[in-house]
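Tertiary structure, described
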Amino acid sequence: TGYTYRRAFDHEANVEQSRRSIPEALIRYGLTNEFEIRLKWNGYVMSDLQDFNTGLRKQLFGTDDLITSIKYEVWQQNGALPMLTFLTGSTLPSGTNGISSNQVQPFINFVAGWGFRRWLYLKLSTGIDWQKTSVSTLFGGGSEPNGPIVVALRDNINVYHFSSSLLYQALPRVGGFAEFFGFAQTGGRENRPAIYFDTGLYLYATTSVQFDVRYGVRLSERVNELFTGAGLSVRF
């Protein structure tokens with residue numbers, strides 16, 4: 001479980017948007033050593049959109065969609081050959097209108113990993129999400145008869161994602177990571193890629209209880225974006 005806060009300011013549009021989500025629950029159950037089933041729910045989401053050109057502000061609050069998936073370890077690391085893991089699943093249209101995609105959204109992901117030492121690990125991943133997104137856009141101004149209005153526009157897009165992360169064990173009860181990741185898409189109104197950097201720490205209370213904190217930014221001059229959060233993981 002966890003909590004995430006994200007804020008982005010678009011200089012071109014002069015629009016700021018923030019988003020909060022909790023409890024970000026992920027339940028994983030291993031059926032075998034190589035195969036697990038997963039159920040994820042970001043939970044309650046509060047989104048705040050403000051246009052500084054018109055002064056219009058829109059807030060949304062509700063529940064996000066459920067995500068079901070499976071994860072399979074194709075093979076383990078053998079020398080330079082990395083461990084390879086395959087993940088696939090889909091969102092289920094179970095959330096609140098305005099937040100839910102209102103349709104099934106499948107995805108696939110491949111993860112390759114190399115363990116260089118017991119305390120140092122490299123992961124590379126790539127995949128694609130088939131998404132239907134809802135974007136709130138502002139039309140009109142103060143001189144319009146009815147004032148500015150908010151219109152929700154929907155895109156059917158293919159989102160390609162990739163990441164490279166280095167995980168390390170600094171102390172017996174403290175580990176961390178540094179990661180670059182990004183998104184590129186086709187079929188949307190805004191198809192420019194977005195690249196991010198984030199880092200975080202894992203704090204192990206016991207061998208089965210872990211706390212984590214993280215902070216990240218978008219590497220862009222056009223959009224100032226940051227996100228931060230904390231989480232708790234328990235193994236039964």
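Residues numbered from 1 in each chain as written. Predicted model: local features only at pLDDT ≥ 70, side-chain atom pairs only at ≥ 80, totals over all residues. Heavy atoms only, no water.

With respect to the overall build of the protein
Along its length, the protein carries 0 helices and 13 strands. Each helix and strand of the protein, ordered N terminal to C terminal, gives the series β-β-β-β-β-β-β-β-β-β-β-β-β. Viewed in the frame of its principal axes, the protein has a C-alpha envelope of about 70 × 35 × 30 Å. Expressed as a percentage of its 236 residues, the buried residues of the protein come to 33%. Partitioning the intrachain contacts of the protein with sequence separation of at least 6 by distance along the chain shows that 47% fall at a separation of at least 24. Accessible surface for the protein amounts to roughly 14100 Å². Of this, 59% is attributable to carbon and sulfur atoms. Here the protein carries 22 positive and 20 negative side-chain charges, and the mean point of each set is 6 Å from the other. (Helix = DSSP H or I, 4+ residues; strand = E, 2+ residues; numbered from the N terminus. Buried < 20%, exposed > 50% of the residue type's maximum accessible area, 1.4 Å probe, protein only. Contact = heavy atoms within 4.5 Å. Areas by Shrake-Rupley, 256 points an atom, 1.4 Å probe, with all protein chains shown as cover. Lys, Arg positive; Asp, Glu negative; His and termini not counted. Charge placed at Lys NZ, Arg CZ, Asp CG, Glu CD.)

What to know about the pairing of strand 4 (residues 57-63)
As judged from the 7 bridges shared by strand 3 (residues 35-51) and strand 4, these two strands associate in the antiparallel manner. Bridging across to strand 4, Met-46 finds its partner in Phe-61. Between strand 3 and the antiparallel strand that follows it, strand 4, lie 5 residues; Gly-55 among them carries a positive phi value of about 80°. (Pairing = 2+ DSSP bridges.)

With respect to the side chain of Ser-47
By secondary structure assignment, the location of Ser-47 is in strand 3. A distance of 3.3 Å separates the side chain of Ser-47 from the side chain of Gln-17, its partner in a polar contact. With residues up to four places along the chain from it excluded, the contact list for Ser-47 reads Gln-17, Ser-18, Arg-19, Lys-58, Gln-59 and Leu-60. (Polar contact = N/O pair within 3.5 Å; in protein donor to acceptor, adjacent residues only side chain to side chain.)

Concerning the confidence of the model for the protein
Atom-level detail of predicted coordinates should not be read off regions where pLDDT is low. Averaged over all residues, the pLDDT of the protein equals 90, while 90% of them reach at least 70. Low pLDDT (under 50) marks residues 137-151, which in the prediction has 25 contacts with non-local residues, meaning those over four places away or in another chain. (pLDDT = per-residue confidence, 0-100.)

Some remarks on the packing of aromatic side chains
This model, assessed by the stated rule, comprises 11 aromatic pairs. Centre to centre, the rings of Trp-41 and Tyr-44 are 5.6 Å apart; their planes meet at 65°, and the pair counts as edge-to-face. The exposure class assigned to Trp-41 is partly exposed, which follows from its relative accessible area of 24%. Relative accessible area serves as the criterion here: at 41%, Tyr-44 is assigned to the partly exposed category. Aromatic ring contacts, followed pair by pair, group Phe-181, Phe-183, Tyr-196 and Phe-227 into a single cluster. (Phe/Tyr/Trp six-rings, centres within 6.5 Å; stacked < 30°, edge-to-face > 60°.)

Examining the pattern of salt bridges
Per the stated rule, a full pass over the model turns up 11 salt bridges. The partner of Asp-212 in a salt bridge is Arg-214, with the nearest N and O atoms 3.3 Å apart. Since its relative accessible area comes to 15%, Asp-212 is described here as buried. Of the charged contacts, one joins Glu-225 and Arg-218 as a salt bridge, the two residues approaching to 3.6 Å between their closest N and O atoms. Neither Glu-225 nor Arg-218 differs from the other in exposure class; each is buried. The network of salt bridges with common partners includes Arg-6, Arg-218 and Glu-225. (Salt bridge = Lys/Arg side-chain N within 4 Å of Asp/Glu carboxyl O.)

A few points about the environment of Thr-199
As for its placement among the helices and strands, Thr-199 is situated in strand 11 (residues 194-204). Taking relative accessible area as the criterion, Thr-199 reaches 33% and is therefore assigned partly exposed. It is 31 Å that separates the C-alpha atoms of Thr-199 and Thr-32, two residues lying 167 residues apart in sequence. Discounting chain neighbours no more than four positions away, the residues touching Thr-199 are Phe-177, Ala-178, Val-213, Arg-214 and Tyr-215. A polar atom in the side chain of Thr-199 sits 2.8 Å from the backbone oxygen of Phe-177.

Considerations on unusual backbone geometry
Note: most residues except glycine have negative phi, and most peptide bonds are trans. Ile-22 connects to Pro-23 through a cis peptide bond whose omega is 15°. Its location among the elements puts Pro-23 in strand 2 (residues 15-30).

Quick notes on the environment of Pro-93
Position of Pro-93 among the secondary structure elements: in the loop between strand 6 (83-92) and strand 7 (105-117). Under the relative-accessibility criterion, Pro-93 is labelled partly exposed at 43%. Beyond its immediate chain neighbours, meaning those up to four positions away, Pro-93 contacts Asp-65, Ser-100, Asn-102, Gln-103 and Val-104.

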